[in-house]
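What the coordinates show
These are the residues of each chain, in order.
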Amino acid sequence: MAEQTLFIVKPDAVYRNLIGEVISRFEKKGFRILKLKMFTFTQEQAEKFYDVHKGKPFFGELTSFITSGPVVAAIIEGNNAIATTRIMIGATKSFEAVPGSIRGDFGLGFSENIIHASDSQGSFDHESRVAFE
Ligand code: CMP
């Protein structure tokens, strides 16, 4: 069943010239790119985007990193998009992510972990609204 999801190529990956590498993995997997947008999160937008993490000890670090440079947001479509994309990106802690996953192949960080992807239909609705507003 065709489903949509959102991913964000984070500032560390943009800085390291990995935009094409990341997007091409989703194209090669068979997903269709529906929307693409390069922008820099404002503080207000970042706080709204990550509002489920508000109050957590890492919230300040998280918003300061995501606003630190340009990102690329994508909405993609394909079979089982939300769960499959989460498998493709790998574990949140890049240093624990298995090789073959995006974080496992390109990162070692925790806050700086290359890519974000929606983890549910609810987060896709919320995050895509904020990113493409
Ligand atoms: P992301 O998938 O964008 O979702 C929330 C982000 O918070 C996560 O990736 C990490 O980059 C970041 N983060 C930093 N510290 C923590 C932490 N202690 N627990 C969870 N997420 C963290």
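Here, the structure is the one placed above.
The text that follows walks through the structure, step by step, so that each part is easy to find.

Scoring rules and cut-offs
Residues numbered from 1 in each chain as written. Predicted model: local features only at pLDDT ≥ 70, side-chain atom pairs only at ≥ 80, totals over all residues. Heavy atoms only, no water. Near = heavy atom within 4 Å. Polar contact = N/O pair within 3.5 Å; in protein donor to acceptor, adjacent residues only side chain to side chain. Areas by Shrake-Rupley, 256 points an atom, 1.4 Å probe, with all protein chains shown as cover. 1 Å grid on protein atoms, 1.4 Å probe; cavity = no way out; pocket = protein on both sides within 12 Å on 5 of 7 lines; lining within 4 Å. Points joined across faces, edges and corners; volume = space filled by probe spheres on them. Helix = DSSP H or I, 4+ residues; strand = E, 2+ residues; numbered from the N terminus. Nonpolar A, V, L, I, M, F, W, Y, C, P; charged D, E, K, R; others polar. Buried < 20%, exposed > 50% of the residue type's maximum accessible area, 1.4 Å probe, protein only. Contact = heavy atoms within 4.5 Å. Core = buried A, V, L, I, M, F, W, Y, C linked by side-chain atoms within 4.5 Å.

**Regarding the site of the ligand**
Close to the ligand lie Lys10, Tyr50, His53, Phe58, Leu62, Thr92, Arg103, Phe110, Ser111, Asn113 and His116. In the environment of the ligand, an oxygen atom lies 2.6 Å from a nitrogen or oxygen atom belonging to the side chain of tyrosine 50. Within the side chain of histidine 116, one N or O atom sits 2.9 Å away from an oxygen atom of the ligand. Coverage of the ligand by the protein chains reaches 81% of its 450 Å² of free accessible surface.

**Brief notes about the layout of surface pockets**
The computed volume of the largest pocket comes to approximately 490 Å³. In this structure, the largest pocket is lined by 23 residues; those nearest its centre are Tyr50, His53, Phe58, Thr92 and His116. Listing elements by their share of the lining of the largest pocket, those giving two or more residues are helix H4 (59-66), helix H5 (81-89), strand E4 (115-117) and helix H7 (121-131). In terms of residue count, H7 provides more of the lining of the largest pocket than any other element does, three residues in total. In terms of residue class, the lining of the largest pocket is made up of eight nonpolar, eight polar and seven charged.

**Concerning unusual backbone geometry**
Its identity as a non-glycine residue notwithstanding, asparagine 80 has a phi of 55°, on the positive side. Within the fold, asparagine 80 resides in the loop between strand E3 (71-79) and H5. Its identity is not glycine, yet isoleucine 114 carries a phi of approximately 75°, on the positive side. Structurally, isoleucine 114 can be placed in the loop between helix H6 (102-106) and E4. What makes isoleucine 114 buried here is its relative accessible area of 0%.

**Let's talk about H7**
By the burial criterion, the buried members of H7 are Ser123, Phe124, His126, Glu127, Ser128, Val130 and Ala131. Looking at the buried side of H7, the elements it contacts are strand E1 (2-9), strand E2 (32-39), helix H3 (43-49), E3 and E4.

**A few points about the nonpolar core**
By size, the foremost hydrophobic cluster in this structure holds 20 residues, and its most contacted members are Phe7, Val9, Val22, Phe26, Ile102, Ile114 and Ile115. Listed by contribution, the elements that provide at least two residues to this core are E1, helix H1 (11-15), helix H2 (19-29), E3, H5, H6 and E4. In this structure isoleucine 115 touches Phe7, Ile8, Lys10, Val22, Phe26, Ile89, Ile102 and Arg103, once residues within four positions along its chain are discounted. Phe41, Ala46, Leu62 and Phe124 belong to the second-largest nonpolar core, a separate cluster that totals 16 residues.

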